[in-house]
Amino acid sequence: MRLKFVPGAHEAIEASEMVLKDLETYRGNFKSVFKNEFPIHIEIGMGKGSFIIEMAKRNPNINFIGIEKYDSVLIRALEKIEEDIPNLRFIRMDATSIDQIFYKEIDVIYLNFSDPWPKTKHAHRRLSSPIFLKRYDTLFKDKKEIIMKTDNRKLFEYSLISFNEYGYHFEEISLDLYNDDIGDNVATEYETKFHNLGFPIYKIKISK
Ligand SMILES: C[S@@+](CC[C@H](N)C(=O)[O-])C[C@H]1O[C@@H](n2cnc3c(N)ncnc32)[C@H](O)[C@@H]1O
């Protein structure tokens, strides 16, 4: 994603109650943010937020936290919020330290159109790499569940091997989501773009 400096983005994020700060105070107790016992789903690398905002609106009995590294991207998600969505919050952070933020409280992780990092020397930055899978281990409350979508075949193939070698079971898989029964699929910004360009969309749901 090409990043543009967005004047005022940092200040708007700092001022927003939708964006969680002082994260260490919530570790192991993120349910206190939502004041209920509903499951918590997170999207890592949420981009401009279309997916997680729509998921939160459609699923009021699930709490959603969207994680994004850059102010200039997260601000675009904030700008989309027009009404109160009590089951949605955002965090601006680099997910490399995600295991220091959550502890045994996450039910599902979404990895949507993650940056592919095509060079082998950057493989450790892929959000489906073994190093990230290890970081995710202590986030989950009980059963571990990850749902990934991508247009990038090489990243998808890499991820299948990574998930398999890490002991995850493949529960659902699609090599062409829009020609399979996509059910109540919620599209992301990248998904809409690449689907409209005619690329197949790959999806996998794994658990452990
Ligand atoms: C290719 S975009 C996809 C955005 C969105 N999920 C979608 O499908 O439209 C990848 C996003 O992940 C974010 N990202 C990449 N690595 C990250 C990391 N380590 N921690 C948090 N966000 C990250 C990027 O800043 C970018 O916004």
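Read on for an overview of the structure.

About the cut-offs
Here the residue numbers are simple positions, counted from 1 along each chain's written sequence. Since the coordinates come from a predicted model, pLDDT governs what is reported: local features require at least 70, and pairs of side-chain atoms require 80 or more to be given and counted, while whole-chain, interface and lining totals use all residues. To obtain the side-chain values, all non-hydrogen atoms of the structure were used and water was disregarded. Helical segments are the DSSP runs of H or I of at least four residues, strand segments are the runs of E of at least two, and each set is numbered from the N terminus. C-alpha atoms define the radius of gyration in this analysis, and the globule rule sets the expected value at 2.2 Å times the number of residues to the power 0.38. Any residue under 20% of the maximum accessible area for its type is buried, any over 50% is exposed, and the rest in between are partly exposed; the area is computed with a 1.4 Å probe on protein chains only. Throughout, a residue-residue contact means that at least one pair of heavy atoms, one from each residue, lies within 4.5 Å. Areas reported here follow the Shrake-Rupley algorithm with a probe of radius 1.4 Å; residue values treat only the protein chains shown as occluding. Counted as positive: Lys and Arg. Counted as negative: Asp and Glu. His and the chain ends are not counted at all. Charged groups are reduced to one reference atom each: NZ for lysine, CZ for arginine, CG for aspartic acid, CD for glutamic acid. Whenever a carboxyl oxygen of Asp or Glu lies within 4 Å of a side-chain nitrogen of Lys or Arg, that contact is scored as a salt bridge. Contacts described as polar in this section are N or O atom pairs within 3.5 Å, which, within protein, must combine one atom able to donate a hydrogen with one able to accept it, while residues neighboring in sequence count only if both atoms come from side chains.

### Some words on the overall build of the chain
So, point 1. Looking only at helices and strands, one finds 7 helices and 7 strands in the chain.
So, point 2. Along the chain, helices (α) and strands (β) appear in the sequence α-α-β-α-β-α-β-β-α-β-α-β-α-β when read from the amino end.
So, point 3. Here the chain has a C-alpha radius of gyration of 16 Å; the compact-globule value for 208 residues is 17 Å, and the two agree.
So, point 4. Principal-axis analysis of the C-alpha atoms places the extent of the chain at approximately 40 × 35 × 35 Å.
So, point 5. Residue burial in the chain is summarised as follows: out of 208 residues, 48% are buried.
So, point 6. Considering only contacts within the chain whose residues lie at least 6 apart along the sequence, 75% involve residues at least 24 apart.
So, point 7. Taken as a whole, the chain presents about 11000 Å² of accessible surface, with 50% of it coming from carbon and sulfur.
So, point 8. Distance from the positive charge centre (31 side chains) to the negative charge centre (33 side chains) of the chain: 5 Å.

### Focus: the side chain of Arg126
So, point 1. Relative to the helices and strands, Arg126 is located in the loop between strand E4 (108–112) and helix H5 (130–137).
So, point 2. The side chain of Arg126 is buried and forms no salt bridge, while Glu157, the nearest opposite charge, is found at 10 Å.
So, point 3. Here the side chain of Arg126 touches Pro118 through a polar contact of 3.4 Å, landing on its backbone oxygen.
So, point 4. The contact partners of Arg126, leaving out residues within four places of it in the chain, are Pro116, Trp117, Pro118, Lys119, Thr120, Phe132, Leu155 and Tyr158.

### Looking at unusual backbone geometry
So, point 1. One non-glycine residue with positive phi stands out, namely Asp22, at about 45 degrees.
So, point 2. Mapped onto the fold, Asp22 is located in the loop between helix H1 (9–15) and helix H2 (31–34).
So, point 3. Asp22 sits in the exposed class, given a relative accessible area of 52%.
So, point 4. Even without glycine at this site, Lys104 takes up a positive phi of about 50 degrees.
So, point 5. Tracing the backbone shows Lys104 in the loop between strand E3 (88–92) and E4.
So, point 6. Lys104 sits in the partly exposed class, given a relative accessible area of 48%.

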